[in-house]
Structures are given as structure tokens and as C-alpha cells.
Amino acid sequence: RKLRDGEVDFAISRQTGSGDEFESALLLRERYFLVCNPDHVLCAKEGIYLAELQGHDLIYTVPGSSLREHLFPRLTEIGVRDTGHQVTSMLTAGGLIAENLGVSIVSAQMLTSFIQSGLKAIPILDEDFGSSLHVLRRRGHALSFAANSFYEMILASDEVKNSVLHFQTIRK
């Protein structure tokens with residue numbers, strides 16, 4: 001709303017906005033991984049499709065989290081079992097996974113603590129599964145010099161380019 005009303009120069013969003021109203025530039029794509037105990041039956045896999053989770057126990061984040069909203073309908077349809085464990089902290093999820101009480105799906109940004117704990121991270125291979133961040137600006141509206149410089153700096157960032165490239169490379 002603030003972007004539409006001109007209160008901000010640009011916004012970073014998971015949504016691309018309306019093509020007529022906004023210009024959208026991909027900032028980064030985020031990968032998701034299945035995290036499991038090293039003794040779990042899925043641990044031997046190098047990559048996994050969501051359909052392969054059918055019948056397995058899943059530890060979810062609490063309702064209202066963006067990850068859960070993204071996952072829940074699709075995994076329910078597949079037939080993943082809900083353990084009833086709903087966590088607000090990924091550290092709690094890690095503890096439950098370490099005790100082999102289920103598996104969880106986490107973003108690439110969250111992997112470090114899971115891997116350091118000795119858990120296994122397996123890339124989700126579904127082509128249509130992941131999320132992205134976009135930089136939005138109002139179409140046809142010039143940015144101030146400062147805002148435009150910052151906008152260009154964000155889009156030129158090596159970290160951003162590497163995030164997009166890393167995501168595309170893993171998916172192949």
C-alpha cells in the first residue's frame with residue numbers, strides 16, 4: 001500500500017505486484033531443504049521431491065508463518081503426517097529432529113545451525129517449490145538520486161547475484 005500511495009520509493013516483497021502498476025526485479029530465489037536425523041530412512045537421498053514425503057512425520061512451524069502458509073496445503077494434499085509439533089523456533093525443530101520425532105523443511109538461510117548439529121539437509125527438487133524476493137517500484141515514477149543509487153546497488157550486489165545463481169545451479 002505504501003508503495004502504491006507513493007510513501008516509499010521501492011519495496012522488497014515476496015510478491016511481484018501488478019505488471020501494469022509496478023516494475024519488478026528479481027532480488028533472489030530461496031531454496032528449501034528437508035532436514036532429518038542421520039538415522040532417518042530419507043537420509044541417504046541426495047535430493048528429494050515433495051511427493052516422496054508421503055507418510056512421513058513432519059514438524060511444522062506455527063500457523064501464520066510464511067513457510068507454513070507456503071507448505072501446509074501442498075503437504076496435506078500429498079499425505080504428509082502432521083506430528084502435532086508446531087514450533088516457533090527452528091532450534092526447537094532441530095531438537096525434535098535430533099530425537100528422530102520427525103523431519104522439517106527449512107530455507108537455505110536456516111541450514112547452518114542444523115548442519116552444525118549433525119542433522120542432514122537434503123535439497124527439495126520440485127521445480128515449482130521455493131520462494132523469491134523482488135524489488136518493486138512504481139512503473140513510470142522516477143526515483144530520487146539517493147533512492148535510485150540504493151536501488152541500483154541492491155540489484156548489482158554480488159551477494160544477490162550469487163544467491164540467484166546458486167539457486168539456479170542447484171536446481172539443474
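Our subject is the structure listed above.
The rules we used
Residues numbered from 1 in each chain as written. Predicted model: local features only at pLDDT ≥ 70, side-chain atom pairs only at ≥ 80, totals over all residues. Heavy atoms only, no water. Helix = DSSP H or I, 4+ residues; strand = E, 2+ residues; numbered from the N terminus. Polar contact = N/O pair within 3.5 Å; in protein donor to acceptor, adjacent residues only side chain to side chain. Contact = heavy atoms within 4.5 Å. 1 Å grid on protein atoms, 1.4 Å probe; cavity = no way out; pocket = protein on both sides within 12 Å on 5 of 7 lines; lining within 4 Å. Points joined across faces, edges and corners; volume = space filled by probe spheres on them. Nonpolar A, V, L, I, M, F, W, Y, C, P; charged D, E, K, R; others polar. Buried < 20%, exposed > 50% of the residue type's maximum accessible area, 1.4 Å probe, protein only.

Engineer: Honestly, the side chain of Asp126 in this entry has me stumped. Any pointers?
Structural biologist: Here Asp126 lies in the loop between β7 (120-123) and β8 (131-138). Engagement of the side chain of Asp126 in a polar contact is seen with the side chain of Arg74, the distance being 3.4 Å. In this structure Asp126 touches Ile48, Tyr49, Leu50 and Arg74, once residues within four positions along its chain are discounted.

Engineer: I keep staring at empty space enclosed by the protein and nothing clicks. Help me out?
Structural biologist: The probe, sized like a water molecule, is rolled over the atoms to show the empty space still left. Overall, the coordinates contain one cavity of 30 Å³ or more when judged by the stated rule. Quantified by volume, the largest cavity comes out at close to 50 Å³. Lining the largest cavity are Leu58, Ile59, Tyr60, Thr61, Leu67, Arg68, Leu71, Met90, Ser104 and Ile105. Contributions of two or more residues to the lining of the largest cavity are made by β4 (57-61), α1 (66-78) and β6 (104-107). With four residues, β4 is the largest single contributor of residues to the lining of the largest cavity. Tallied by class, residues from the lining of the largest cavity come to seven nonpolar, two polar and one charged.

Engineer: It is not clear to me how the environment of Gly47 should be interpreted in this structure. Could you clarify?
Structural biologist: For Gly47, the location among the structural elements is in the loop between β3 (32-36) and β4. Exposure remark for Gly47: the relative accessible area of 17% places this residue in the buried category. Measuring from C-alpha to C-alpha, the distance between Gly47 and Pro123 comes to 4.9 Å, with 76 residues separating the pair along the chain.

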